[in-house]
Amino acid sequence: MSFSSTSGAAKNNLVMGLAALVCHGSGIDASADNLNAVVSASGNEIPAFWAPLYAQYIEKAGGADKFFTKIGGGGGGGAAAPAAAAAGGAAAPAAAAKPKEEEVDALEGGMDMFGGGGSDY
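Presented here is an overview of the structure given in this document. (Residues numbered from 1 in each chain as written. Predicted model: local features only at pLDDT ≥ 70, side-chain atom pairs only at ≥ 80, totals over all residues. Heavy atoms only, no water.)

### A word on the environment of Ala30
The residue Ala30 is located in the loop between α1 (8-26) and α2 (32-41) in this model. A residue is classified by how much of its surface remains accessible, and Ala30, at 9% relative accessible area, is buried. As a C-alpha pair, Ala30 and Ala19 span 11 residues in sequence and 8.4 Å in three-dimensional space. Ignoring any residue separated from it by four or fewer positions in sequence, one finds Ala30 in contact with Cys23, Leu35, Ala55 and Ile58. (Helix = DSSP H or I, 4+ residues; strand = E, 2+ residues; numbered from the N terminus. Buried < 20%, exposed > 50% of the residue type's maximum accessible area, 1.4 Å probe, protein only. Contact = heavy atoms within 4.5 Å.)

### Observations concerning the side chain of Asn12
Here Asn12 lies in helix α1. Ignoring any residue separated from it by four or fewer positions in sequence, one finds Asn12 in contact with Glu45, Ile46, Pro47 and Trp50.

### A word on the packing of aromatic side chains
Per the stated rule, a full pass over the model turns up two aromatic pairs. Between Trp50 and Tyr54 the ring centres are 6.0 Å apart and the planes differ by 35 degrees, which places this aromatic pair in the tilted class. Here the residue Trp50 and the residue Tyr54 both occupy positions in helix α3 (residues 50-61), the gap between them amounting to four residues, near one helical turn. The exposure class assigned to Tyr54 is buried, which follows from its relative accessible area of 18%. Cluster of aromatic residues (ring-pair linked, three or more members): Phe49, Trp50 and Tyr54. (Phe/Tyr/Trp six-rings, centres within 6.5 Å; stacked < 30°, edge-to-face > 60°.)

### A closer look at the packing of α1 against α3
Between two packed helices, both the angle of their axes relative to each other and the distance between the axes serve to describe the pair. Where α1 contacts α3, the two axes come as close as 11 Å, and the packing angle between them is 55 degrees. Put simply, α1 runs oblique to α3. The chirality of how α1 crosses α3 is right-handed. Here α1 contributes Ala9, Asn12, Asn13, Met16, Gly17 and Ala20 to the contact with α3, which in turn contributes Trp50, Ala51, Tyr54 and Ile58. Residues that form the contact of α1 with α3 fall into these classes: seven nonpolar, three polar and no charged. (Axes fitted to C-alpha atoms, helices over the stretch in contact; angles between N-to-C directions. Parallel < 35°, antiparallel > 145°, perpendicular 65-115°, else oblique. Left-handed = near helix turned anticlockwise from the far one by under 90°. Nonpolar A, V, L, I, M, F, W, Y, C, P; charged D, E, K, R; others polar.)

### Here's the deal with the packing of α1 against α2
Contact geometry for α1 and α2: axes closest at 9 Å, N-to-C directions at 110 degrees. When the interaxial angle is binned, α1 and α2 end up roughly perpendicular. When the axes of α1 and α2 are compared, the crossing they make is right-handed. Taken together, the residues of α2 that come into contact with α1 (itself represented by Val15, Met16, Ala19, Ala20, Val22 and Cys23) are Asn34, Leu35, Val38 and Val39.

### Structural notes on the nonpolar core
Ranked by size, the top nonpolar core spans 16 residues in total, and within it Met16, Leu35, Val39 and Ile46 carry the most contacts. Counting only elements with at least two residues in this core, the list comes to α1, α2 and α3. Beyond its immediate sequence surroundings of up to four residues, Val39 is in contact with Val15, Met16, Ala19, Asn44, Glu45 and Ile46. (Core = buried A, V, L, I, M, F, W, Y, C linked by side-chain atoms within 4.5 Å.)

Spelled out as structure tokens, the structure:
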């Protein structure tokens, strides 16, 4: 992937954001050393202060989970059950205890759209 269309601070932000995403997705801490390692492995260069700045920001926020809570939001629903099972399965019984609600048809009363009995078609 080429970042030739971006430059300066925008490119640095993009590179660091993607490095943080890689660290989070790999399950490693987003420390300055790890962020620098990901940036170096990607073939990019950033100013020396960016990695410690991002690492400090992520640490003060309480971890990268605060930023990447819904990665793959459209198709990621299948991974929640194995993750819950690995975490002790506490979330699975709560979801199973939810009662199913019945749907009510709006025309169940036998009325048509004009308020009549509905049998004159």
